[in-house]
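Spelled out from the first residue to the last, the chains are:
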Amino acid sequence: MTDYKNFTVETDSDGIVLVTWDMPDKSMNVFTEEVMDEIETICDATSGDESVKGVIFTSGKTASFSGGADLSMLNGRMERIQELKQNPTEEGMKELFEGAGRMSWLWRKIETNGKPWVAAINGTCMGGATELALSCHYRVAADSEKVKIALPEVKVGIFPGAGGTQRVPRLIDTQEALKFMTTGSPMDAAKAQKTGLIHEVAPADELIDAAKAKLRAGEVDPEAPWDKKKFKAPGTPVYSGAGSQLWPPAIAILRKQTYGNYPAAEAILKCVFEGLQVPIDTGLTIEQRYFTEILRTTEAAMMVRSLFISLQELNKGARRPDGVEKSQFKKVGVLGGGGFMGAGIGYVTAKAGIDVVLLDRDSESAEKGRQHAAGIMDGRIKKRRATESDKEELLSRITTTADYADLEGCDLIVEAVFEDSGVKKAATESAEAVIPDGTVFASNTSTIPISSLAENSKKPDQFIGIHFFSPVDKMMLVEIILGEKTGEKALATAIDYVRAIGKTPIVVNDTRGFYVNRCVLRYISEAYNMLVEGIPPAMIENAAKMAGMPVGPLALNDETAIDLSQKIMRQTARDLGDDAIDQRHMKMVDELVEKGRLGRKAGKGFYDYPEKPAKKHLWPGLKEMFDQKAADTLDVGTLEERFLFTIAIEAARVMEEGIVEDPREADVGSILAFGFAPYSGGALSYIDGFGVEAFVERANELKAEYGEQFAVPELLRDMASKDQTFYERFPVGQKAA
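Quantities reported herein were computed from a predicted structural model and do not represent experimental measurements. (Residues numbered from 1 in each chain as written. Predicted model: local features only at pLDDT ≥ 70, side-chain atom pairs only at ≥ 80, totals over all residues. Heavy atoms only, no water.)

**Q** Please clarify how the overall build of the chain should be interpreted in this entry.
**A** Each helix and strand in the chain was counted, giving 29 helices and 19 strands. For the chain, the C-alpha radius of gyration of 28 Å lies close to 27 Å, the compact-globule estimate for 737 residues. Projecting the C-alpha coordinates of the chain onto the three principal axes gives extents of approximately 85 × 65 × 55 Å. Buried residues in the chain amount to 55% of all 737 residues. Look at the contacts in the chain between residues 6 or more apart in sequence, and 73% of them connect residues 24 or more apart. Taking the average place of the 88 positive charges on the side chains of the chain and the average place of its 112 negative ones, the gap between the two points comes to 4 Å. (Helix = DSSP H or I, 4+ residues; strand = E, 2+ residues; numbered from the N terminus. Rg over C-alpha atoms; globule rule 2.2 N^0.38 Å. Buried < 20%, exposed > 50% of the residue type's maximum accessible area, 1.4 Å probe, protein only. Contact = heavy atoms within 4.5 Å. Lys, Arg positive; Asp, Glu negative; His and termini not counted. Charge placed at Lys NZ, Arg CZ, Asp CG, Glu CD.)

**Q** Is there a simple way to explain the environment of Thr20 in this structure?
**A** By secondary structure assignment, the location of Thr20 is in strand E2 (residues 16–21). According to the relative accessible area criterion, Thr20 is buried, its value standing at 14%. Sequence-wise, Thr20 and Ser59 are 39 residues apart; in three dimensions their C-alpha atoms are separated by 5.1 Å. Once residues lying within four places of it in the same chain are set aside, the contact partners of Thr20 are Asn6, Phe7, Thr8, Thr58, Ser59 and Gly60.

**Q** How do you make sense of helix H15 (residues 388–396) when you look at a structure like this?
**A** In an α-helix, one full turn covers 3.6 residues, which means residues spaced three or four apart are oriented alike. If you check which residues of H15 are buried, you get Lys391, Leu394 and Leu395. Buried residues of H15 fall within an arc of 95 degrees about the axis and therefore sit on the same side. Counted as exposed and oriented over 90 degrees from the buried face of H15: Glu392 and Ser396. (Arc of directions from axis to C-beta.)

**Q** Would you take a moment to explain the sheet that holds strand E17 (residues 504–509) for this structure?
**A** Adjacent strands of a sheet form backbone hydrogen bonds with each other and so pair up, either parallel or antiparallel. One open sheet holds the eight strands; their spatial order is E12-E11-E10-E13-E14-E15-E16-E17, and the pairing between them is mixed. Strands at the two margins of the open sheet, each flanked by one partner only, are strand E12 (398–401) and E17. Between one strand axis and the next, the sheet turns through 25 degrees on average, direction left out of account. Of the pairings in the sheet, the one linking strand E11 (residues 355–359) to E12 comprises four bridges and is parallel in character. Across the sheet, Leu358 pairs through a bridge with Thr400, a residue of E12. Together, strand E10 (331–335), E11, E12, strand E13 (412–415) and strand E15 (463–468) form the strand contacts of helix H13 (residues 340–351), whose direction differs from that of E11 by roughly 165 degrees. (Pairing = 2+ DSSP bridges. Axes fitted to C-alpha atoms, helices over the stretch in contact; angles between N-to-C directions.)

**Q** What is the right way to look at the pattern of salt bridges in this model?
**A** Opposite charge on two side chains permits them to pair, given that their charged atoms come into close proximity. Under the definition given, this model contains 46 salt bridges. With its nearest N and O atoms 3.9 Å apart, the salt bridge here joins Asp12 to Arg216. Of this pair, Asp12 sits in the loop between strand E1 (7–11) and E2 while Arg216 sits in helix H8 (residues 207–216); the two residues are 204 residues apart in sequence, bridging distant segments of the chain. Via salt bridges that share partners, Asp37, Glu40, Asp44, Arg102 and Lys109 belong to a single interconnected network. (Salt bridge = Lys/Arg side-chain N within 4 Å of Asp/Glu carboxyl O.)

**Q** What am I meant to see in the nonpolar core here?
**A** Side chains that are nonpolar tend, in soluble globular proteins, to be buried together. Ranked by internal contacts, the top residues of the largest apolar core, which has 202 residues, are Phe31, Tyr515, Phe606, Leu716 and Phe726. The dominant element in this core, judged by the number of residues it contributes, is helix H24 (residues 636–656), at eleven residues. Beyond its immediate sequence surroundings of up to four residues, Tyr515 is in contact with Glu479, Ile506, Val508, Ala651, Val654, Val660, Glu665, Ala666, Ser670 and Ala683. (Core = buried A, V, L, I, M, F, W, Y, C linked by side-chain atoms within 4.5 Å.)

**Q** Please explain the packing of helix H2 (residues 71–86) against helix H3 (residues 90–111) as it appears in this structure.
**A** A pair of packed helices is captured by two measures, namely the crossing angle of their axes and the spacing between those axes. As a packed pair, H2 and H3 sit with axes 10 Å apart at the nearest point and diverge in direction by 155 degrees. The orientation of H2 with respect to H3, classified from their angle, is roughly antiparallel. Crossing of H2 against H3: the hand is left-handed. Between H2, through Arg77, Arg80, Ile81 and Leu84, and H3, the contact on the second element is made entirely by Gly92, Met93, Glu95, Leu96, Gly99 and Arg102. The class makeup of the residues in the contact of H2 with H3 is four nonpolar, two polar and four charged. (Parallel < 35°, antiparallel > 145°, perpendicular 65-115°, else oblique. Left-handed = near helix turned anticlockwise from the far one by under 90°. Nonpolar A, V, L, I, M, F, W, Y, C, P; charged D, E, K, R; others polar.)

**Q** Just to check I follow, could you spell out the pairing of strand E7 (residues 138–142) for this structure?
**A** Strand residues, when the strand is regular, have side chains that alternate between the two faces of the sheet. Across the five residues that make up E7, a large majority, five, are buried. Neither face of E7 is left uncovered, since the one carrying Tyr138, Val140 and Ala142 and the one carrying Arg139 and Ala141 both have all their residues buried. As judged from the four bridges shared by strand E5 (residues 117–121) and E7, these two strands associate in the parallel manner. The residue of E7 that forms the bridge with Ala119 is Arg139. The pairing of E7 with strand E9 (residues 200–202) spans three bridges and is classified as parallel. Note on E9: the bridge partner recorded for Val140 is Glu200.

**Q** Help me understand unusual backbone geometry, please; the structure alone is not making it clear to me.
**A** The bulk of non-glycine residues show a negative phi, and the bulk of peptide bonds are trans. The linkage connecting Ser470 with the following residue, Pro471, adopts the cis geometry, with an omega of -5 degrees. Mapped onto the fold, Pro471 is located in the loop between E15 and strand E16 (477–482). The phi angle at Arg384 is positive, at roughly 65 degrees, despite the residue not being glycine. Secondary-structure assignment places Arg384 in the loop between helix H14 (363–382) and H15. Residue Arg384 is classed as exposed on the basis of its relative accessible area, which comes to 79%. Of note, Ala561 is a non-glycine position whose phi angle comes to about 95 degrees, a positive value.

**Q** Looking at this structure, I do not really get a positive patch on the surface. What am I missing?
**A** Positive charge collects at one region of the surface, where Lys382, Lys383, Arg385 and Lys474 lie side by side. In this structure, Lys383 sits in the loop between H14 and H15. (Patch = residues over 30% accessible without salt bridge, like charges linked within 9 Å, V, L, I, M, F, W, Y side chains within 5 Å. Areas by Shrake-Rupley, 256 points an atom, 1.4 Å probe, with all protein chains shown as cover.)

**Q** Where do I start with a negative patch on the surface in this structure?
**A** A contiguous patch of negative charge on the surface is contributed by Glu693, Glu697, Asp723 and Glu728. Residue placement: Glu728 occurs in helix H29 (residues 726–729).

Here it is in structure tokens:
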């Protein structure tokens, strides 16, 4: 019997082979070239052995089947694709095409090997692993909340290219198949069985027994349904009356959701539409061709880099200092724990299994933080994502108090009091009077420089910024801000905490607005420019969404509050002088605030917010504040560019100033924090994808037409002259040369 590095292969007395995938030194199984080679060897060995009656393929990992492709393998493939784009050859294109189909045809080999294969899915099953399971002749999943089955490739700019677009619509209803693949959303075991994606759900401790029982009974047909002569897909035929009612709306809905910015999503529709009209092997070839095409797109290169490779690297602690012992958190204190931000921080901490002390000015205020957590859990229970016992367990971890002495024994303090230097000073001094000397103190400030706040601390080397975004329970990014004296222990502790609560950390140096807020303010400021120019408000909002932003700038400003914008502008004028702000913007904001139009919290801002079920709508009076230009005289593409360029230029400026030192953090941060056009790969990748020289040239044109906000920093001019990208200029993990 062949020895395998990543698999154990055992044959029982009934001739049933149990293949257990358990990669050494990895917490989750992933596909590598070596893994695929071993799977092919197993397939060859079992198919050629007459004593083998069937094969069960399962995972030896406790909570997962497989997470899909290996980071290094995918990174290597994308780098090779970029090389071939730079120097295309016929041999290179053949290599790319064959590589794109490697997994697909291996799964087809399993499907047609002549022996029945059963996939026994015990946990998370993503991407290529789901496609492997679909090529097996029978699929049984554990009755466990750990089972999540998905084809999430579209979220990183590619699509299920190993048979997913051909087998899913041959198994389940076409409309359900399109939704499953174009959203990348996971199914639990029960839903997967109900839709027809899997055959059976079994108790977790009886999973293998259930698979063996099917094989012993001879109930697993080694011939796939679509290989039989009279096979018909469960959905309606493409060219039929029902089909004509499905496909045009499906195309329109996708266009409405993506504005044509995601080639991979469109390719899914094409693969399904064309593939359902031909035999499976021809369908797989069609899929392979589209997959090869998508792999060569700028969107795929940038999204894979930022949303798969960089995101995983940051989540694994890419910016964590070496040589610092990992922090363990048993108890965390939150100052201002009754406020909206503090309560949110308390909730995510308790949800991570960490005891939390919510401290506020009085017991009643602190208790609001606990009530906030209870409210979130009630919402999860209503959606069947949690149980009453889950709620009770989480709330048992939350202690509320007005006494600083209760912070004793905390492993970390997170300060989230009112955004006032004096209030923060008092909170810092009171907490430091009772916490151990080695406890790190983190401030959740969004505007006040960390270095100035650290002056209130007796231990500035253990003082750091941890900037959460609202709402805390939903926003996945956290900015970690280094003060001038912040030490490596504080940085490591902050990163450990952010990872412990399941969020993604980026590290930035101290400055006004840090990184994210600077970019967001540019986005909103450009909307202000457009308003005073007389561009119709609806056109502003629609152009932003067409550019790839999830929320229009005016709607976003309503969420953050217009009176907050007023305060920021006035504070900027006090600190830097009146010339630091656009007086036209100030006048507009002052007028809105005077009218009580403060944003969503006031029920009116740039939008009106009528009582439900009515939907919000732009305030009609907004277009009366400025002379309006005719919409048909305006170029929507230019409006889109203005939004993306002004944000990207600010991100480049932040890199030039050394506020952010790693382009991975700038890209991932811009997507996770405010949804910067994910198809671009992030603010810096947008420039790289556009071409730095071409970007500078276009920015100069926009500057001449619309103003100084499009003036590029010297860094970009220098990069253009040297034909550099950001990832070349700022090698990952290193400062710029």
